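# Structural characterization, general
Single-letter residue listing:
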Amino acid sequence: MLSIIQLLPDHVANQIAAGEVVQRPASVVKELLENAIDAGASDIKLICKEAGKTLVQVIDNGKGMSVTDARMCFERHATSKIRKAEDLFDLHTKGFRGEALASIAAIAHVELKTRQDQEELGVHIVIEGGKFMAQEPSVLPKGTSFSVKNLFFNIPARRNFLKSDVVELRHIIDEFQRVALAHSNIHFTLYHNGSELFNLPQSNLRQRIVNVFAGKTNEKLVPIQETTEILSIQGFIGKPEFAKKNRGEQFFFVNDRFIKSGYLHHAVMSAYEGLLRDGSQPSYFLYLTVPTHTIDINIHPTKTEIKFDDEHALYAILRSATKHSLGQFNVAPILDFERDFNLDTPYSYQNKEAETPTIQVDSNFNPFQEEKRNIGGSSFGFKPKKEAQPHWESLYVGLKENFEQEETHFESEAVTSSLFSDNEVEKAPTSTYQIHKKYIVSPIKSGMLIIDQQRAHQRILYEQFLKNITIHQASSQQLLFPLTLYFSGNEMAILQELKQSLESTGFIFEAINPDSVVISGLPVTVAESEVAIVLEQLVSDLQDEIPESSFSQMDSMAKSMARSLAVKTGTYLTEKEQENMVNSLFACKENSVSPFNKPTFITLSVEDLDKKFSI
């Protein structure tokens, strides 16, 4: 009988394993940056071309590698981080599996240049698709330069699945920011297509956060610090008034490693209970230090998930520490029932010295002296000047003497007549009804129409915005006071790209600064209080969904704005608003589905109702 199970060749196994470790250029960036940190570098440069599809290069001034190590590092499961299984629960480095470089070398053209400080010459290695092409000694500076070119060159299907340069660059920046925030003592620089995007010098933690996100970041940070036997917390949380709709600035670091944890995120959100607008997400940069033996990192290929020994204790400590920080810095209101506001000293009197009150005595006052009373006068002995009063008869001077008052007749019964006759005043039947503040029901000839108000409004706004962008410019309403909104550098780049399209919908930009925009005019359908929400949601949607063509970009923008501004489920609509929505929906070109391809209405015929009542 023939055997059907075969051992795969090494290059095929490496390509399969690379699918777990290397998903996109950002995965390569993460692995190379972490290797540079483990090498003890104090200055790291990241150079990318075409969002990492053509080149990802990391240059560091770390300790470098010997000739043997440089050749060995590309072998699978070859690592300098651990020696035995017990080391997995005492990790102090970023990497430990020894498969990242082997996976990267299997699907790209790799060039390694490295030299140790005590060596005169370094080594230059070239690998293409997992095959060694060249190895030679070379004169190099101390440290390591790792270049990854033509990613997925031998797996075209994987390369076709990559998104546009804008999206892939966003993922690279995300990974770069996570590593840079975890190590503020290292100088990081990021270049893309020859231009410098980030230059982050060595600094303290607060300054690193401000350098990464710019804008008014410094104003919204509230420090947090707590030390216990099982957990040490430090970092910053954001003030509630700066909360955003998207989750762009939430960072957990455990032992200087970025992680994602919905459980710990819920702990922070519960501490903000009652302080945030509905659907808003606060910013936080929390650095947790726990004993290495109480966590397990080896549960996910990207190492962004960690298993804790005692999650409940961490939840309680994190929640209470966040609440304490909000209260300590007067971010959350504090109720003091024993305080008497009447005893508070006014600010204007706080620095005043006490003065002895002066007493004035009237020596001529005699309480037993007889008062001289005069009729029409006063007790002080003088008479007020009497003004000449006109005689009452003068009021009737000039009137006709033969004036006769006409006799007035009053009806004995009250008349309650109407402007219209009874047959004319007949109340028009209501044509629409709202059910559970979610659906609009309208009777039709064959039965009834049930409309989802949120989806219907999304369709109406979507076609309206798309028409304004592509055909004619919408009208704007001028603001009395210009509105200033602050965004990060990446968000500002997207807004710059969308400026012309936004102006077509009715936005008027007075100024666009490197970290803020000044808006002096809004579309008629957008309220001033909704501007920040709409633009934040728009940037968040387009960061991961901007296709190549300009028309698709406009389409995505119209969808995002329609989703933000549409009436939500639970909103009460008057009869006129209901009728207007029904009429506007059926005036749309495609009224059966929302912009997100979900049905906007259903019809229920009389026959369907009869079937429901049939026995």
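Once a new chain begins, its residue numbering starts again from 1 and follows that chain's sequence as written. Per-residue local features of the predicted model are confined to residues with pLDDT of at least 70, and side-chain atom pairs are confined, for both listing and counting, to 80 or more; whole-chain, interface and lining totals are unaffected and use all residues. Hydrogens and waters are ignored; side-chain quantities use all the structure's heavy atoms.

Centres within 6.5 Å make a pair out of two Phe, Tyr or Trp rings, where for Trp the six-membered ring is used; the pair is then stacked when the planes are under 30 degrees apart, edge-to-face when over 60, and tilted otherwise. Counted under the stated rule, the structure contains 15 aromatic pairs. Their ring planes at 55° and their centres at 5.9 Å tell us that Phe213 and Phe251 sit as a pair that is tilted. Here Phe213 is found in helix α7 (residues 205-213), whereas its partner Phe251 is found in strand β11 (residues 250-254), with 38 residues between them in sequence. Burial status follows relative accessibility: with a 1.4 Å probe on protein chains alone, a residue under 20% of its type maximum counts as buried, one over 50% as exposed, and anything between as partly exposed. Here Phe213 falls in the buried class, since its relative accessible area comes to 5%. Centroid distance Phe252 to Tyr284: 4.9 Å. Interplanar angle 45°. Geometry classified as tilted. Strands are runs of DSSP state E lasting at least 2 residues, helices are runs of H or I lasting at least 4, and numbering of each runs from the N terminus.

Attention now goes to helix α6 (residues 165-182). To estimate how far a helix should extend, the number of its residues minus one is multiplied by 1.5 Å. The end-to-end C-alpha distance of α6, which contains 18 residues, comes to 26 Å, matching closely the 26 Å that a straight helix rising 1.5 Å per residue would cover. In terms of burial, α6 is largely enclosed, as 14 of its 18 residues are buried.

This part takes up the sheet that holds strand β12 (residues 257-259). Pairs of strands are assigned from DSSP output, requiring at least two bridges between the strands. Strand order in the open sheet made by the five strands is β9-β10-β13-β11-β12, with mixed pairing throughout. Edge strands, defined here as strands with exactly one partner in the open sheet, are β9 (221-227) and β12. Strand-to-strand, the axes of this sheet are offset by a mean angle of 20°, without reference to chain direction. Alignment of β9 against strand β10 (residues 232-238), held across seven bridges, turns out to be antiparallel. If you follow Pro223 over to β10, its bridge partner there is Phe236. For helices, the fitted axis covers only the stretch in contact; all axes are lines through C-alpha atoms, and the angles between them, taken along N-to-C directions, range from 0 to 180 degrees.

A pair of packed helices can be characterised by two numbers: the angle between their axes and the separation between those axes. Packing of helix α11 (residues 453-470) against helix α15 (residues 575-585) leaves a shortest axis separation of 9 Å and a crossing angle of 55°. With respect to α15, the axis of α11 lies oblique. Where α11 crosses over α15, the handedness of that crossing is left-handed. The residues of α15 that touch α11, namely those facing Gln453, Ala456, His457, Arg459 and Ile460, are Met581, Ser584 and Leu585. Roughly parallel means an angle under 35 degrees; roughly antiparallel, over 145; roughly perpendicular, 65 to 115; everything else is oblique. In a left-handed crossing the near helix is turned counterclockwise from the far helix by less than a right angle, and in a right-handed crossing that turn is clockwise. Two residues qualify as a contact provided that any one of their heavy atoms is within 4.5 Å of a heavy atom in the partner residue.

Okay, the pattern of salt bridges next. The term salt bridge refers to a side-chain nitrogen of Lys or Arg lying within 4 Å of a carboxyl oxygen of Asp or Glu. Enumeration over the complete set of coordinates arrives at twelve salt bridges. A salt bridge links Lys30 to Glu34, with the nearest nitrogen and oxygen atoms 3.2 Å apart. With Lys30 and Glu34 both in helix α2 (residues 25-38), this residue pair falls four residues apart, about one helical turn. Glu34 carries the same exposure label as Lys30, and that label is buried. Among the charged side chains, a salt-bridge network with shared partners connects Glu111, Lys113 and Lys149.

A word on α11. Given a rise of 1.5 Å per residue, 18 residues ought to cover 26 Å, and the 26 Å separating the end C-alpha atoms of α11 matches this to within 8%. The buried fraction of α11 amounts to 13 of the 18 residues, a majority that puts the element mostly inside the structure. The opening residue of α11, the one whose side-chain oxygen lies 3.1 Å from the backbone nitrogen of Gln454, is Asp452. N or O atoms closer than or at 3.5 Å make up a polar contact, with two conditions inside protein: a donor-capable atom paired with an acceptor-capable one, and, for residues adjacent in sequence, both atoms drawn from side chains.

Next up on the list: the pairing of strand β4 (residues 122-128). Within β4, five of the seven residues are buried, leaving the element largely enclosed by the surrounding structure. Bridging between strand β3 (residues 109-115) and β4 involves six bridges; their strand directions are antiparallel. Counterpart to Thr114 in the pairing with β4 is Val123. A loop of six residues connects β3 with β4, the two strands running antiparallel in sequence. Between β4 and strand β5 (residues 131-138), which pair antiparallel one after the other, the connecting turn spans two residues, and Gly129 there sits at a positive phi close to 60°.

This part takes up unusual backbone geometry. One non-glycine residue, Phe152, lies in positive phi territory at about 60°. On the basis of relative accessibility, which here comes to 1%, the residue Phe152 falls in the buried class.

In this section: the confidence of the model for the chain. Mean pLDDT over the chain works out to 79, with 77% of the residues at or above the 70 mark. The predictor attaches a confidence to each residue, called pLDDT, with possible values from 0 through 100. Here residues 374-382 is modelled with pLDDT under 50, and outside its nearest four sequence neighbours on either side it reaches seven contacts, counting other chains as well. Under a pLDDT of 50 for its full length, residues 415-428 has, in the predicted model, two contacts with residues more than four places off or in other chains.

A few words on the sheet that holds strand β17 (residues 439-444). Spatial ordering of the open sheet is given by β16-β17-β18-β22, a layout of four strands whose pairing is antiparallel. A strand with exactly one partner marks an edge of an open sheet, and here the two such strands are β16 (433-435) and β22 (601-605). Shown here is a sheet whose adjacent strand axes are inclined to one another by a mean of 25°, direction ignored. Each of β16, β17 and β18 (447-452) is contacted by α11, which is oriented at about 70° to β18, the strand it contacts most. Most of the contacts of helix α16 (residues 606-613) go to β22, to which it runs at about 65°, and overall it touches β18 and β22.

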